[in-house]
Amino acid sequence: MSAKNREDGREKKPDSPAPDRLVPFLTAPSLAVRIARVAGTGGLVFLVAWYVSYLFLPEGLLKSGPAGRFTAGGALVAAAILAGNLLVRLRGLPAGYLAAAWGFLYAGVLAGTNSFGVPYSVRITPTFRVFSRGIIYEMAAWAILAAASCGWAFFELDRPGSGFRRTESRALRAELAAAAAGILILAAALALEAAGILPA
């Protein structure tokens, strides 16, 4: 069953509120389009969080917490994305997307406050230098995992109080391949960070 077919029931509802317009944007029928849109939206969240935290939050704010060891956190975000997407869709939005959004936001604050495990000598505004860090490839993996598994939920909640209903969703072969690629990218990034080749 394609993502388009999964969304048809929601798109035909005339009483869908304006915020629900984001759902078809992020759950497009084309897997490639979904990945691009999730990655683009997540990247925008990351950049905004980076710049705002650079301007208003103190340097090293997250250094003493789990952000200083974000390698493990990257794997936990990926696990939360898959678990959320497998469990439920909330008014059409895969629950794992919320975990992905948190990951992108947290990574942006991490960058903006220079709370990396191996920090820059001085904190910097958004720059392409960040591509030398593992967090960028972790975020790419999150986007791929979120987009690939967006239609795999066992249950759906249409509106508060309506109760959960069982879905008939199933994973497509291309989606499984993309999810496997996302896991490999994440594993490679984490391994390179652990080896000190990519700074965490």
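Computed from a prediction, not measured in an experiment: that's the story for all the values here. Each chain carries its own residue numbering, running from 1 in the direction its sequence is written. Totals for whole chains, interfaces and linings use all residues, but because this is a predicted model, local features are given only for residues with pLDDT of at least 70 and pairs of side-chain atoms are given and counted only at 80 or more. Computation of side-chain values: all heavy atoms of the structure, hydrogens and water removed.

**Student:** Describe the nonpolar core, with residues and values.
**Tutor:** Within the largest apolar cluster, 36 residues are counted, with the highest numbers of intra-cluster contacts made by Val 38, Phe 46, Ile 81, Val 130, Ile 135, Met 139 and Trp 142. Elements supplying a minimum of two residues to this core: helix H3 (31-56), helix H4 (70-87), helix H5 (96-112), helix H6 (134-148) and helix H7 (173-194). Secondary structure elements follow DSSP: runs of H or I of four or more residues count as helices, runs of E of two or more count as strands, with numbering from the N terminus. In terms of residue count, H6 provides more of this core than any other element does, 11 residues in total. Contact partners of Phe 46, with chain neighbours within four places excluded, come to Phe 104, Ala 107, Gly 108, Ala 111, Val 130, Ile 136 and Met 139. Here, nonpolar core refers to any group of buried Ala, Val, Leu, Ile, Met, Phe, Trp, Tyr and Cys residues whose side-chain atoms link them within 4.5 Å. Only protein chains enter the accessibility calculation, which uses a 1.4 Å probe; a residue whose area is less than 20% of its type maximum is buried, one above 50% is exposed, and one in between is partly exposed. Residue contacts are defined here by distance: any two heavy atoms, one from each residue, within 4.5 Å place the two residues in contact.

**Student:** Residues and numbers for the confidence of the model for the protein, please.
**Tutor:** One number per residue, pLDDT, summarises how confident the predictor is, and it ranges from 0 to 100. On average, residues of the protein score 85 in pLDDT, and 84% of them reach the 70 mark or higher. Note on residues 6-19: pLDDT is under 50 here. Beyond four places in sequence and across chains, it has 22 contacts.

**Student:** Give a detailed account of the environment of Ala 147, specifying residues and quantitative values.
**Tutor:** Secondary-structure assignment places Ala 147 in helix H6. Using a relative accessible area of 0% as the deciding quantity, one classes Ala 147 as buried. C-alpha of Ala 147 to C-alpha of Val 38: the two residues are 109 residues apart in sequence and 6.6 Å apart in space. Dropping the residues within four chain positions of it, Ala 147 is found in contact with Leu 31, Arg 34, Ile 35, Val 38 and Tyr 97.

**Student:** Let's hear about the side chain of Thr 167: which residues, and what values?
**Tutor:** Assignment of secondary structure puts Thr 167 in the loop between strand S4 (164-166) and H7. A residue is classified by how much of its surface remains accessible, and Thr 167, at 8% relative accessible area, is buried. In this structure Thr 167 touches Arg 89, Ala 153, Phe 154, Phe 155 and Glu 156, once residues within four positions along its chain are discounted.

**Student:** An account of the sheet that holds strand S3 (residues 155-157) is requested, with residue identities and associated values reported.
**Tutor:** Here the rule is simple: two strands pair whenever DSSP picks up at least two bridges between them. An order of S2-S1-S3-S4 is seen for the 4 strands of this open sheet, with the pairing classed as mixed. If you trace the sheet from one side to the other, it starts and ends with strand S2 (93-94) and S4, each paired once. By the bridge criterion, 2 bridges tie strand S1 (residues 88-90) to S2 in an arrangement that is antiparallel. Looking at S2, one finds that Leu 90 is bridged to Leu 93.

**Student:** Describe H7, and please don't skip the residues or the numbers.
**Tutor:** Each residue after the first adds 1.5 Å to the expected span of a helix. For H7, spanning 22 residues, the distance from its first C-alpha to its last is 32 Å, which sits close to the expected 32 Å at 1.5 Å a residue. Turning to H7, its buried residues number three or more, namely Glu 175, Ala 178, Ala 179, Gly 182, Leu 186, Ala 189, Leu 190 and Glu 193. End-on view of H7: buried residues confined to an arc of 110 degrees, all on one side of the axis. Away from the buried face of H7 by more than 90 degrees, exposed residues Arg 173, Leu 184 and Ala 194 are located. Gly 196, located one to two residues past H7, shows a positive phi value of around 80 degrees. This arc corresponds to the set of directions leading from the helix axis out to the C-beta atoms.

**Student:** Go over the packing of aromatic side chains with me, naming the residues and quoting the values.
**Tutor:** Between two aromatic rings, the relevant description is the distance of the centres plus the angle of the planes. Pairing of aromatic side chains here covers Phe, Tyr and the six-membered ring of Trp, requires ring centres within 6.5 Å, and sorts the geometry by plane angle: under 30 degrees stacked, over 60 edge-to-face, intermediate tilted. What the rule picks out here adds up to 6 aromatic pairs. Ring centres of Trp 102 and Tyr 106 lie 4.7 Å apart, and the angle between their planes is 20 degrees; on these two criteria the pair is classed as stacked. Taken together, the positions of Trp 102 and Tyr 106, both in helix H5 and 4 residues apart, correspond to about one turn of that helix. For the ring pair Phe 116 and Tyr 120, a centre distance of 5.8 Å and an interplane angle of 90 degrees mean the geometry is edge-to-face. Two conditions define a charge sitting above a ring: the NZ of Lys or the CZ of Arg must be within 6 Å of the ring centre, and it must be within 35 degrees of the ring normal. Note that Arg 133 overlies the ring of Phe 116, its terminal NZ or CZ placed 4.2 Å from the centroid. When the ring centre of Phe 155 is taken as origin, the NZ or CZ atom of Arg 166, which lies over that ring, is 5.7 Å away.

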